[in-house]
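# Per-entry structural report
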Amino acid sequence: MTAAQCPHCGHAIEGTTLASVFVPVHLVSEANQREHHQMKARRVAAQRFVTRVSVRDLSGDPAMFYLFGAVEEGRLLVKITRCEPRSLDSDNLAGAAKAVRDELAKLLDIDDKDPRVRWVVDQCKPTKEKADGTYVEMLRVTE
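Residues numbered from 1 in each chain as written. Predicted model: local features only at pLDDT ≥ 70, side-chain atom pairs only at ≥ 80, totals over all residues. Heavy atoms only, no water.

## Focus on the packing of helix α1 (residues 37–56) against helix α4 (residues 98–107)
One can describe the packing of α1 onto α4 by two numbers: an axis separation of 9 Å at closest approach and a directional angle of 45 degrees. In terms of orientation, α1 and α4 fall into the oblique class. Note on packing geometry: the crossing formed by α1 with α4 is right-handed. Between α1 and α4, the contacting residues are V44, Q47, R48, T51, R52, V55 and R56 on the first element and A99, V100, D102, E103, L104, K106 and L107 on the second. The residue makeup of the contact of α1 with α4, split by class, is 6 nonpolar, 2 polar and 6 charged. (Axes fitted to C-alpha atoms, helices over the stretch in contact; angles between N-to-C directions. Helix = DSSP H or I, 4+ residues; strand = E, 2+ residues; numbered from the N terminus. Parallel < 35°, antiparallel > 145°, perpendicular 65-115°, else oblique. Left-handed = near helix turned anticlockwise from the far one by under 90°. Contact = heavy atoms within 4.5 Å. Nonpolar A, V, L, I, M, F, W, Y, C, P; charged D, E, K, R; others polar.)

Quick look at the structure:
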């Protein structure tokens, strides 16, 4: 059992981890970037590609089959954790994770606003156990 936080009310959510994957992308604050629109498009495309490749590596994992059942039951929580030395405020954090969220929704064959899936975006500082990058955890929630 793993505890996550509800994005709406903030209380702890108990659930069983169905899949967990490290996505080696750095999430940056999209709102604070002063760059040409093509640079942003390239970054988003690269983030989506790396997310797709990282999650496809799980395709041999039997837990991936349970993800679709959890979606149908409306009991799937997807937690995206940005692990970087500098933290972002909550609105920039949500924007930074948008490309990863969009690609995960595409891989689950749903719209990212589908109410059957709850999304949580969090952040942490790198440690010896956690490298810089993005961690995605998919849980079947019990409530």
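## Some remarks on α1
With 20 residues, α1 extends 28 Å from end C-alpha to end C-alpha; this agrees with the ideal 28 Å at 1.5 Å per step. Inspection of α1 places R43, Q47, T51, S54 and V55 among the buried residues, and these make up the whole buried set. Taken around the axis of α1, the buried residues stretch over an arc of 95 degrees, which confines them to a single face. Within α1, the exposed residues directed more than 90 degrees away from the buried face are R42 and R56. (Expected span 1.5 Å × (residues − 1). Buried < 20%, exposed > 50% of the residue type's maximum accessible area, 1.4 Å probe, protein only. Arc of directions from axis to C-beta.)

## Here we look at the pairing of strand β3 (residues 76–83)
Here β3 lies mainly inside the structure; 8 of its 8 residues are buried. Pairing geometry for β3 and strand β4 (residues 117–124), over 8 bridges, is parallel. Counted as the bridge partner of R82 is Q123 from β4. Bridge count between β3 and strand β5 (residues 133–141): 8 bridges; the pairing is antiparallel. Looking at the pairing, L77 lines up with L139 of β5. (Pairing = 2+ DSSP bridges.)

## Here we look at the pattern of salt bridges
The full count for this structure, using the stated rule, is 9 salt bridges. A salt bridge links R116 to E72, with the shortest nitrogen-to-oxygen separation between them at 3.0 Å. You can see R116 sitting in the loop between α4 and β4 and its partner E72 sitting in helix α2 (residues 63–73), a full 44 residues away along the chain. Residues D114 and R116 are paired through a salt bridge, measuring 2.7 Å at the closest nitrogen-oxygen approach. One network of salt bridges, in which partners are shared, links K98, R101, D102 and D112. (Salt bridge = Lys/Arg side-chain N within 4 Å of Asp/Glu carboxyl O.)

## Details of the packing of aromatic side chains
Within a pair of aromatic rings, the relevant descriptors are the distance that separates the centres and the angle that separates the planes. Here the structure, examined in full by the defined rule, presents 1 aromatic pair. Note on F22 and Y135: the rings are 4.9 Å apart at their centroids and 50 degrees apart in plane angle, and the pair reads as tilted. A residue pair is termed long-range when its members are at least 10 positions apart, and F22 in strand β2 (residues 12–23) and Y135 in strand β5 qualify at 113 residues. (Phe/Tyr/Trp six-rings, centres within 6.5 Å; stacked < 30°, edge-to-face > 60°.)

## Describing unusual backbone geometry
Within the chain, D109 stands out as a residue other than glycine whose phi angle is a positive 60 degrees. When you line up the elements, D109 lands in the loop between α4 and β4. A residue is classified by how much of its surface remains accessible, and D109, at 69% relative accessible area, is exposed.

## Side note on the environment of L18
Its location among the elements puts L18 in strand β2. The buried category is assigned to L18, whose relative accessible area is 11%. On a C-alpha basis, the gap between L18 and L77 in space is 9.9 Å, while along the polypeptide they are 59 residues apart.

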